[in-house]
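Remarks on the overall topology
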Amino acid sequence: MYKKKRILLIITGGIAAYKMPELVRRLRERDIEVTCILTKAGREFVAPLALSAVSGNRVYENLFDLDEDSEMGHIQLSRSADLVVVAPATADMMAKAATGLANDLASTTLLATDTPIMMAPAMNVRMWNHPATQKNVSTLKDRGVVMLGPDEGDMACGEFGFGRMVDPMDIVAAVQDFFTPHRPLSGKKAIVTSGPTHEAIDPVRYIANRSSGKQGHAIAAELAKSGADVTLISGPTSLAVPENVTFIPVESARDMLAACQSNLPADIVVCAAAVADWRVDQEAGQKLKKDGSGTIPALALTENPDILATLSQMTQGRAPLVVGFAAETENVIEHAKAKLARKGCDWILANDVSPSTGTFGGNENSIHFIANNQCEDWPRLTKLEVATRLVERIAQRMKAEDQ
Ligand code: CTP
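Residues numbered from 1 in each chain as written. Predicted model: local features only at pLDDT ≥ 70, side-chain atom pairs only at ≥ 80, totals over all residues. Heavy atoms only, no water.

1. Side note on the sheet that holds strand β5 (residues 117-121)
Spatially, β3-β2-β1-β4-β5-β6 is the arrangement adopted by the 6 strands of the open sheet, whose pairing is parallel. Taken across any chain shown, the strands that pair with only one partner, and hence form the sheet edges, are β3 (59-60) and β6 (146-147). Note that β5 and β6 share 2 bridges and pair parallel. Bridging across to β6, methionine 118 finds its partner in valine 146. (Pairing = 2+ DSSP bridges. Helix = DSSP H or I, 4+ residues; strand = E, 2+ residues; numbered from the N terminus.)

2. Some points on the environment of isoleucine 75
Mapped onto the fold, isoleucine 75 is located in helix α3 (residues 74-79). Accessibility expressed as a relative area gives 35% for isoleucine 75, which makes it partly exposed. For the pair isoleucine 75 and leucine 110, spaced 35 residues apart in sequence, the C-alpha to C-alpha distance is 9.3 Å. (Buried < 20%, exposed > 50% of the residue type's maximum accessible area, 1.4 Å probe, protein only.)

3. Structural notes on the pairing of strand β18 (residues 347-352)
In terms of residue burial, β18 counts as a mostly covered element, since 5 of its 6 residues are buried. On the question of chirality, the crossover connecting strand β17 (residues 321-328) to the parallel β18 by way of helix α12 (residues 332-343) is right-handed. Alignment of β18 against strand β19 (residues 364-371), held across 5 bridges, turns out to be antiparallel. Across the sheet, isoleucine 348 pairs through a bridge with isoleucine 370, a residue of β19. (Right-handed = clockwise from strand over helix to strand, strands pointing away.)

4. Quick look at the packing of aromatic side chains
Aromatic ring pairs: the centre-centre distance and the angle between the two ring planes describe each pair. Scanning all chains against the criterion turns up 3 aromatic pairs. Between phenylalanine 178 and phenylalanine 179, the aromatic rings sit 5.3 Å apart at their centres with planes inclined by 70°, giving edge-to-face as the arrangement. Its relative accessible area of 32% is what places phenylalanine 178 among the partly exposed residues. With centroids separated by 5.3 Å and ring planes inclined at 10°, the aromatic side chains of phenylalanine 369 and tryptophan 378 adopt a geometry described as stacked. Like tryptophan 378, phenylalanine 369 is buried. Members of the aromatic cluster, each reached through a chain of ring pairs, are Trp347, Phe369 and Trp378. Here arginine 389 stacks its cationic end above the ring of tryptophan 378, 5.3 Å away from the centre of that ring. (Phe/Tyr/Trp six-rings, centres within 6.5 Å; stacked < 30°, edge-to-face > 60°. Lys NZ or Arg CZ within 6 Å of the ring centre and 35° of its normal.)

5. Digging into the layout of surface pockets
Counted as a void, the second largest pocket has a volume near 900 Å³. Ala273, Ala274, Val275, Asp277 and Ala327 are the residues nearest the centre of the second largest pocket, which is lined by 39 residues in total. Grouping the amino acids of the lining of the second largest pocket by side-chain chemistry returns 18 nonpolar, 14 polar and 7 charged. (1 Å grid on protein atoms, 1.4 Å probe; cavity = no way out; pocket = protein on both sides within 12 Å on 5 of 7 lines; lining within 4 Å. Points joined across faces, edges and corners; volume = space filled by probe spheres on them. Nonpolar A, V, L, I, M, F, W, Y, C, P; charged D, E, K, R; others polar.)

6. Description of the sheet that holds β17
Pairing within the open sheet is mixed, and its 8 strands lie in the order β13-β12-β9-β14-β17-β18-β19-β20. The open sheet has two edge strands with one neighbour each: β13 (245-249) and β20 (374-382). Shown here is a sheet whose adjacent strand axes are inclined to one another by a mean of 20°, direction ignored. Direction of pairing for strand β14 (residues 268-271) relative to β17: parallel, over a ladder of 4 bridges. Of the residues in β17, the one forming a bridge with cysteine 271 is glycine 324. Helix α9 (residues 214-225) contacts β9 (189-194), β12 (229-234), β13, β14, β17 and β19 of the sheet and is inclined by roughly 165° relative to β9. (Axes fitted to C-alpha atoms, helices over the stretch in contact; angles between N-to-C directions. Contact = heavy atoms within 4.5 Å.)

7. Details of the site of the ligand
Contacts to the ligand come from 15 residues, most closely from Cys271, Ala273, Asp277, Lys339 and Lys343. Between a nitrogen atom of the ligand and a main-chain N or O atom of proline 305, the distance comes to 2.9 Å. Residue lysine 339 places a side-chain N or O atom 2.6 Å away from an oxygen atom belonging to the ligand. In this structure the site holding the ligand corresponds to the second largest pocket. Those elements that place two or more of their residues in the shell around the ligand are α11 (307-314), β17 and α12. (Near = heavy atom within 4 Å. Polar contact = N/O pair within 3.5 Å; in protein donor to acceptor, adjacent residues only side chain to side chain. Sits in = over half its atoms within 2 Å of the grid points.)

Honestly, it's all geometry; don't read function into it.
The following block contains the structure:
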């Protein structure tokens, strides 16, 4: 049976709040039911009566209005919605949401909900650029909050820059997208490698690296959301397995290669794992013991198979898209271009993994996207945003190939 989609719209105190009756109208035209929460500051910019008139619903303002006799408590208010939209989202409300403060109806609702949340920030450019706000934005994004904008432009305060709320029609488009997900990769099969590999020295010791797997897992999740049939082959990480992917846990580079090979053919291969280049030549069957003489064992190493190069070669002429990463600490672009040629893949996402960048194990990445010997510098993005951008690129490429 058809069920109307429901949005809980939280309006906080930004000038753009005056545009919210228009947003509510546009959403209702698309058969989306809207209930509004208006903060005290929001009330300075838009009248509750205007909102209740256009939404056809009561506007909720105070935490303590919601007694047992009222139609809904704040928990119920958020749970009965399919999506929570905060627009305009002030720096103050984002700070509350990021830290888990709950001292009014809007912030309490945000803390109590497990419904997906979108926020359309609106504030002065300096407030937006302030490290405190940026930290809050990054925390919220990591928790899965979708940020819409802000846009760049003239502001009500007379300044110019980022901080303007996106156009209400952009919010409508994002909401529609959310309710009817775009699945440009349905019917495509993807293999993603992620995480580090562990190369055993003996039954209790191994060689590893600092990879967290965040980037590879985010790419697998994003490919799955776009409709691809995803197999994620990962070395040991502490991450949750993304939804709707087939997960194959592995330990060593050789296990990872074997798992990849047995899952071919694929239309898309993304090698994001930080594969150990070397393994111990002779893995000891028993724990290596100190023999009391003070002799230190010398570990003879041998080279691991190169998974990316092997898969690029195996799939040549069969038109899949093979994407690799390049982890570099110097001459990033030059080394990455050489790596692309050496491995024979289609695209390389190069990143500087020097400790000072915080990339390895961190939540953000600065990517240089290399294809056809051209380099495109992406801004510093969260690993989730890198995944979204990459998957958009993959979808464009697949569409072009299918035409
Ligand atoms: N890679 C792989 N198998 C390996 C080594 C690397 O599949 N044995 C893949 C990685 O998943 C990544 C790309 O190759 O997509 C580049 O990895 P990177 O560690 O940057 O480079 P290496 O090939 O290890 O070369 P170097 O150590 O010389 O930088």
